[in-house]
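Here are the chains, one letter per residue:
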Amino acid sequence: MISSHLKVGKLDIELRACMSKENFQVYPLIDKKKKGEKLTEKEIKWFIQSYTEKKIEDYQMSAMLMAMFIKGMDVAETAALTDAMLESGEQLKFPGKNVIDKHSTGGIGDKASFILAPIASAAGVKVPMIAGRGLGHTGGTVDKIEAIKGFNTALNLNTFQEKLNNEGLVLIGQTPDIAPADRLIYALRDVTATIDSIPLITASIMSKKLAEGANGIVFDIKTGTGAFMRSTKDARALGKSLIATSKRFKKKAVALITDMNQPLGNSVGHSNEIIESIETLKGNGPKDLTDLSIALAAHMIHLAGVEKTFEKAEKKALSMIESGKALEEFKKLIKSQGGDARVVDDYSLLPMAKVVTNVTAPKSGYIKMFQNDQIGLLLIELGGGRKSKADLIDHAVGFEFKKKIGDQVKKGDTIFEIHHHPHQKEIAEKIKSTFIKEVLAMSSSKVKTPKLILEKLS
Ligand code: URA
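Here we summarise the structure given alongside this text. Because the structure is a prediction, the values reported are computed rather than measured.

1. So, the sheet that holds strand 9 (residues 398-401)
Next up, step 1: With respect to topology, four strands assemble into an open sheet ordered 6-9-11-7, the strand pairing being antiparallel. The two strands at the open ends of the sheet, each matched to only one other strand, are strand 6 (267-268) and strand 7 (355-360).
Next up, step 2: Against the sheet, helix 16 (residues 372-382) touches strand 6, strand 9 and strand 11 (414-420), its axis set at about 140 degrees to strand 9.

Below, the structure written as structure tokens:
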């Protein structure tokens, strides 16, 4: 059984007792933050607890979020906010230091979790993954794995714990038991233009990651046209904030800043991305996807203490692909969560769109850049993402990139494929013209292939 507040150390009990005696007022606290003053740990915890208990109105919380957004928060305030949101729900705890998770800030074609998690698990790391669904233009890990018939991502936390202990690898969606304060606050941020704040993003991500009970976290912070953090400077600031907060909670952490100016790998869309992930586990994946998955898995193996050096961990990660062990681990994960593991050898078991419309190069030259967030929005147009919360995802549709940044092309070469249904011919034509006009940029002179892993923070 999971107890709702496992972290009941002496400090926590004292703080809670103290908080219940405190007589804070909503207005002066909003005013304090608005003037740029630092809030204390007790003030932040009182505010979040009161809001979660519906004692503070949405408009007051919105005002506080905007004040936090504009005036910023230091590491101590961010940690207090993280802790307050963490304590609003269940917290899992696993013994042993080999429980390591990974978090990606999201992008286009990001399927690395399906590759790195089986690699790390095959190497002896326990991997508890609580993943998200699509957000804005970015795709979601949970939506993608559900392309596999029967795969159940809605396990309760007891089953999640059991599976982690017995199988070493488990992948579920967000549950209402984990950090419910984040869910409430996130919904407000989404409609009050307060999403892109580094302390608020940090507290939101960290409260959920800490609740999962991992002992270490590897962060993949995306930067570029397909990322939430467009500039490397902002990605670095987020990485530093996540590492500092991890440290305060005594978690080991590494962050890689990685390029998201083009999709990761060549496939976009749910079934397409599952196939590319399986091919990568079979050793036939595109170089960028393989390299990043190996690097992230190696950091997980290293943080878990399975290997003493990163170099040895990298060799081990590679050997998990070469030996077929990682692929076996992926099959085991599918079976364990009720999915049809035959897909690994038979892709026709995945929903697949039957029609392919090619987009060809309008002139000869070099691929200079892609407006990558547009790709995510075009996938939504095709039905591969949600326009509103209740929309169902079409796993069958997607895109395939035949050329990437730096590639030389001749006029008429296929750059991009649109995989769609027969009744979607008109929309495919619209996507084709948007791709040429708004997504693709070409150059007549040579273009360098972008570096994939830009920085490492630890
Ligand atoms: N992902 C999260 O979980 N929270 C944020 O605030 C942004 C991205």
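Here the narrative resumes, following the displayed structure.
2. Observations concerning the nonpolar core
Next up, step 1: Counting residues in hydrophobic clusters, the biggest one holds 82 residues, and the most contacted among them are Ile-119, Ile-148, Phe-330, Ile-375, Phe-399, Phe-416 and Phe-435.
Next up, step 2: Looking at this core, the element that brings in the most residues is helix 13 (residues 287-303), giving ten residues.
Next up, step 3: Lining this core are residues from two domains, each supplying at least three of them: domain 2 (100-347) and domain 3 (351-443).
Next up, step 4: The contacts of Phe-435, once residues within four sequence positions are left out, are Val-359, Phe-370, Ile-375, Phe-401, Ile-415, Phe-416 and Leu-440.

3. Section: unusual backbone geometry
The phi angle of most residues is negative, glycine excepted, and most peptide bonds adopt the trans form.
Next up, step 1: Of note, Lys-54 is a non-glycine position whose phi angle comes to about 65 degrees, a positive value.
Next up, step 2: With respect to the helices, strands and loops of the structure, Lys-54 is situated in the loop between helix 3 (41-52) and helix 4 (58-71).
Next up, step 3: Even without a glycine there, the phi angle at Lys-250 is positive, about 60 degrees.
Next up, step 4: If you trace the backbone, Lys-250 turns up in the loop between helix 11 (232-248) and strand 5 (252-259).
Next up, step 5: Judged by relative accessible area, which is 76%, Lys-250 ranks as exposed.

4. A closer look at the packing of helix 6 (residues 113-122) against helix 15 (residues 325-336)
Next up, step 1: Packing of helix 6 against helix 15 leaves a shortest axis separation of 8 Å and a crossing angle of 105 degrees. Our classification of the angle between helix 6 and helix 15 gives roughly perpendicular. The residues of helix 15 that touch helix 6, namely those facing Phe-114, Pro-118, Ile-119, Ser-121 and Ala-122, are Lys-325, Ala-326, Glu-329 and Phe-330.
Next up, step 2: In terms of residue class, the contact of helix 6 with helix 15 is made up of six nonpolar, one polar and two charged.

Thresholds applied
Sequence order sets the numbering: in each chain, residues are counted from 1 along the sequence as written. With pLDDT at 70 or above as the cut-off, local features in this predicted model cover only qualifying residues; side-chain atom pairs require 80 or more to be listed or tallied, and sums for whole chains, interfaces and linings still use all residues. Where side-chain values are given, they derive from all heavy atoms of the structure, hydrogens and water being excluded. Two strands qualify as a pair provided that DSSP identifies no fewer than 2 bridges between them. Secondary structure counts use DSSP, requiring at least four H or I residues in a row for a helix and at least two E residues in a row for a strand, with both numbered from the N terminus. Any two residues whose heavy atoms approach within 4.5 Å at even a single point are treated as in contact. Axis lines are fitted to C-alpha atoms, over the contacting stretch for helices. Their N-to-C directions set the angle, which ranges from 0 to 180 degrees. To define a nonpolar core, start from buried Ala, Val, Leu, Ile, Met, Phe, Trp, Tyr and Cys residues and group those joined through side-chain atoms within 4.5 Å. Burial here depends on accessible area, computed with a 1.4 Å probe over protein chains only, as a share of the maximum for the residue type. Under 20% is buried, over 50% is exposed, and the range in between is partly exposed. The split into domains, and so the bounds of each, comes from an automatic or database assignment of domains. To sort the angles, those under 35 degrees are grouped as roughly parallel, those over 145 as roughly antiparallel, those from 65 to 115 as roughly perpendicular, and the leftovers as oblique. Under this grouping Gly is polar, as are all residues other than the nonpolar Ala, Val, Leu, Ile, Met, Phe, Trp, Tyr, Cys and Pro and the charged Asp, Glu, Lys and Arg.

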